[in-house]
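Working through the structure, step by step
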Amino acid sequence: MAYDADVIVIGAGLAGLAATAELVDAGRTVILLDQEPEQSIGGQAHWSFGGLFFVDSPEQRRLRIKDSHALALQDWLGTAAFDRPEDHWPRQWAEAYVDFAAGEKRSWLHRQGVRFFPVVGWAERGGYDANGHGNSVPRFHITWGTGPGLVAPFERRVRAGVARGLVQLRFRHRVTGLARSAGSVDTVTGEVLEPSGIERGQASSRTVTGAFELKAQAVIVTSGGIGGDHDLVRANWPERLGTPPERMVSGVPAHVDGRMLGIAEDAGAHLINRDRMWHYTEGIQNWNPIWANHGIRILPGPSSLWLDARGNRLPVPLFPGFDTLGTLEHIMSTGYDYTWF
Ligand SMILES: Cc1cc2nc3c(=O)[nH]c(=O)nc-3n(C[C@H](O)[C@H](O)[C@H](O)COP(=O)(O)OP(=O)(O)OC[C@H]3O[C@@H](n4cnc5c(N)ncnc54)[C@H](O)[C@@H]3O)c2cc1C
């Protein structure tokens, strides 16, 4: 069979860039597809804070934070609260990721030129007992240059792959179908969208100008989450959190549309844990929005005062930055979908 490349990667966010960069190092040919125009390369990570999870790092030790692989794994398992048969692979992932974060992750990034702010933050702190939710020590390492500083080395490696003739970048290519032959997914079909001159992160047009079909030995889906489509968020809303809030703001650009998950499922992918989603409750409407309904999260300051709609202080440990899902559950139990921060 004639293949267009060894591998097709769907989505040029950080995951797709990292996968492509590693494939280039292995000498593979890659077609990297994205529905957005070239100026939005890097996806959500460009907008992110670039906060990274390392375990027992030099930055932590300098601040006399005692961390270990065992403590980090205990915190991860306490937060994930795995309790379903389909948690088999997420549990393997938890173990592999803690190995990585306590092992080669920092030096791997450092070799690529990524540097870290010497003060380690304490995100998702939990505040319950030792086996409960959250990080029991500060582990949030901030990248110098925040999100763009993290995207840059991977984009550089991918563009070097283009220069070597190993990578083809195809923007405005929106995947709409995956097909299998001989048991594995090897065909990707979709629509070519009209060129777009929007600013990075803005919603681009969906006007179709053509179609494409590509084949490869392997297909990697790195299409991001569902946060940009609130209908999809509501449809998958966890029962335990009650009714979804009437008003929500969006922390992610419109391209985080979740469509690719349904497309993968139609091709036989086994999707799990759709109701395990993450929401920040410290969100406010951006006064100068880049995407529709753009919300920004306020990082917790040391003296934040947080009150429910009736003016009651939120109960311990529902402080900003401690347990956002626990806080969401509490807020929804008050009968109002807002707080005073
Ligand atoms: C404001 C903000 C702050 C954050 N802060 C942090 C932080 O401090 N630390 C941290 O670890 N994480 C943080 N995150 C989360 C992190 O940035 C994201 O989880 C991560 O960047 C997701 O990368 P991704 O490549 O999986 O997906 P994305 O960045 O969403 O990229 C997916 C790409 O796939 C493309 N795509 C989707 N569907 C299709 C299709 N059908 N056809 C073609 N292309 C398609 C999209 O256009 C997009 O370019 C933050 C996120 C935001 C928005």
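**Some points on the overall build of the protein chain**
Looking only at helices and strands, the protein chain features nine helices and 12 strands. Its C-alpha atoms give the protein chain a radius of gyration of 21 Å, near enough to 20 Å, the size a compact globule of 341 residues would have. Dimensions of the protein chain, computed from the C-alpha atoms along their principal axes, are close to 65 × 45 × 45 Å. When contacts within the protein chain are restricted to residue pairs at least 6 apart in sequence, long-range pairs at least 24 apart make up 69% of them. Total accessible area on the protein chain stands at roughly 17500 Å², and carbon and sulfur atoms take up 55% of it.

**Some points on the domain arrangement of the protein chain**
In terms of domains, the protein chain is made up of domain 1 (5-47 + 149-221) and domain 2 (51-142). Each of domain 1 and domain 2 has a C-alpha centre, and the two are 29 Å apart. Every contact between the two is made by seven residues of domain 1 and, on the other side, five residues of domain 2. Roughly 460 Å² of surface becomes buried between domain 1 and domain 2 when both sides are summed, with 67% attributable to carbon and sulfur atoms. For domain 1, the biggest contributors to the area lost against domain 2 are Leu 150, Pro 153 and Phe 154; these three give 65% of the whole. On inspection of domain 1 and its partner domain 2, the count reaches zero salt bridges. The interface formed by domain 1 and domain 2 holds two residue pairs in polar contact (both at pLDDT 80 or more) in total.

**Here's the deal with the environment of Pro 253**
Examined against the element boundaries, Pro 253 turns out to sit in the loop between helix H7 (230-235) and helix H8 (259-266). The buried category is assigned to Pro 253, whose relative accessible area is 2%. Note: C-alpha distance between Pro 253 and Ala 292 (39 residues apart in sequence) is 7.9 Å.

**Quick look at the site of the ligand**
Around the ligand, the structure places 28 residues, and the nearest of them are Ala 15, Asp 34, Gln 44, Gly 51 and Val 175. Gln 35 has a polar backbone atom sitting 3.1 Å from a nitrogen atom of the ligand. Surface burial for the ligand is 76%, taken as the share of its 1000 Å² of free accessible area covered by protein chains. When contributions to the shell around the ligand are tallied by element, the ones reaching two or more residues are helix H1 (14-25) and strand S6 (173-181). Here the shell around the ligand gets three residues from one element, more than from any other, and that element is S6. A per-class count over the shell around the ligand returns 11 nonpolar, 14 polar and three charged.

**So, the packing of H1 against helix H6 (residues 146-163)**
One can describe the packing of H1 onto H6 by two numbers: an axis separation of 9 Å at closest approach and a directional angle of 45°. When the interaxial angle is binned, H1 and H6 end up oblique. For the pair H1 and H6, the sense of crossing is left-handed. Contacts between H1 and H6 involve Leu 14, Leu 17, Ala 18, Thr 20, Ala 21, Glu 22, Val 24 and Asp 25 on the former and, on the latter, Leu 150, Val 151, Phe 154, Glu 155, Arg 157, Val 158 and Gly 161. Its residues assigned to classes, the contact of H1 with H6 comprises nine nonpolar, two polar and four charged.

**Looking at a nonpolar patch on the surface**
Residues Leu 63, Phe 117, Val 119 and Trp 144 make up a contiguous nonpolar surface patch of roughly 380 Å² in combined accessible area. Examined against the element boundaries, Leu 63 turns out to sit in the loop between helix H2 (58-62) and helix H3 (69-80). The exposure class of Leu 63 is partly exposed, given its relative accessible area of 36%.

**A few points about the packing of H3 against helix H4 (residues 88-102)**
To describe two helices that pack against each other, one gives the angle between their axes and the distance between the axes. Taken N-terminus to C-terminus, the directions of H3 and H4 make an angle of 145°; their axes are 10 Å apart at the nearest point. At the point where H3 passes H4, the crossing takes the right-handed sense. Contacts from His 69, Ala 72, Leu 73 and Trp 76 in H3 reach Trp 93, Ala 94, Glu 95, Tyr 97, Val 98, Asp 99 and Ala 102 in H4. Looking at side-chain class alone, the contact of H3 with H4 contains eight nonpolar, one polar and two charged residues.

**Details of helix H9 (residues 324-333)**
H9 sits mainly inside the fold: seven of its 10 residues count as buried. Buried within H9 we find Thr 324, Leu 325, Gly 326, Thr 327, Leu 328, Ile 331 and Met 332. Packing partners of the buried residues in H9 comprise strand S12 (339-340). At the C-terminal side of H9, Gly 335 shows a positive phi close to 90°.

**So, the pairing of strand S8 (residues 208-221)**
Strand direction decides the pairing type here: strand S1 (residues 5-10) and S8, joined by five bridges, are parallel. Bridge pairing in S8 places Ile 8 opposite Val 219. Sheet topology places strand S7 (residues 184-193) next to S8; seven bridges connect them, and they run antiparallel. Each residue of the ladder has a partner; that of Gly 190, found in S8, is Phe 212.

**A few points about the nonpolar core**
By size, the foremost hydrophobic cluster in this structure holds 24 residues, and its most contacted members are Leu 17 and Leu 109. Here this core gets five residues from one element, more than from any other, and that element is H1. Residues lining this core come from more than one domain, with at least three contributed by each of domain 1 (5-47 + 149-221) and domain 2 (51-142). In this view, Leu 17 contacts Ala 12, Leu 32, Ile 41, Gly 42, Val 151, Phe 154, Glu 155 and Val 158; residues no more than four positions away in its chain are not counted. In this structure, Ala 5, Ile 8, Leu 178 and Ala 264 belong to the second largest nonpolar core, which totals 15 residues.

Analysis parameters
Residues numbered from 1 in each chain as written. Predicted model: local features only at pLDDT ≥ 70, side-chain atom pairs only at ≥ 80, totals over all residues. Heavy atoms only, no water. Helix = DSSP H or I, 4+ residues; strand = E, 2+ residues; numbered from the N terminus. Rg over C-alpha atoms; globule rule 2.2 N^0.38 Å. Contact = heavy atoms within 4.5 Å. Areas by Shrake-Rupley, 256 points an atom, 1.4 Å probe, with all protein chains shown as cover. Domains from an automatic or database assignment. Buried area = accessible area lost by both parts, 1.4 Å probe. Salt bridge = Lys/Arg side-chain N within 4 Å of Asp/Glu carboxyl O. Polar contact = N/O pair within 3.5 Å; in protein donor to acceptor, adjacent residues only side chain to side chain. Buried < 20%, exposed > 50% of the residue type's maximum accessible area, 1.4 Å probe, protein only. Near = heavy atom within 4 Å. Nonpolar A, V, L, I, M, F, W, Y, C, P; charged D, E, K, R; others polar. Axes fitted to C-alpha atoms, helices over the stretch in contact; angles between N-to-C directions. Parallel < 35°, antiparallel > 145°, perpendicular 65-115°, else oblique. Left-handed = near helix turned anticlockwise from the far one by under 90°. Patch = residues over 30% accessible without salt bridge, like charges linked within 9 Å, V, L, I, M, F, W, Y side chains within 5 Å. Pairing = 2+ DSSP bridges. Core = buried A, V, L, I, M, F, W, Y, C linked by side-chain atoms within 4.5 Å.

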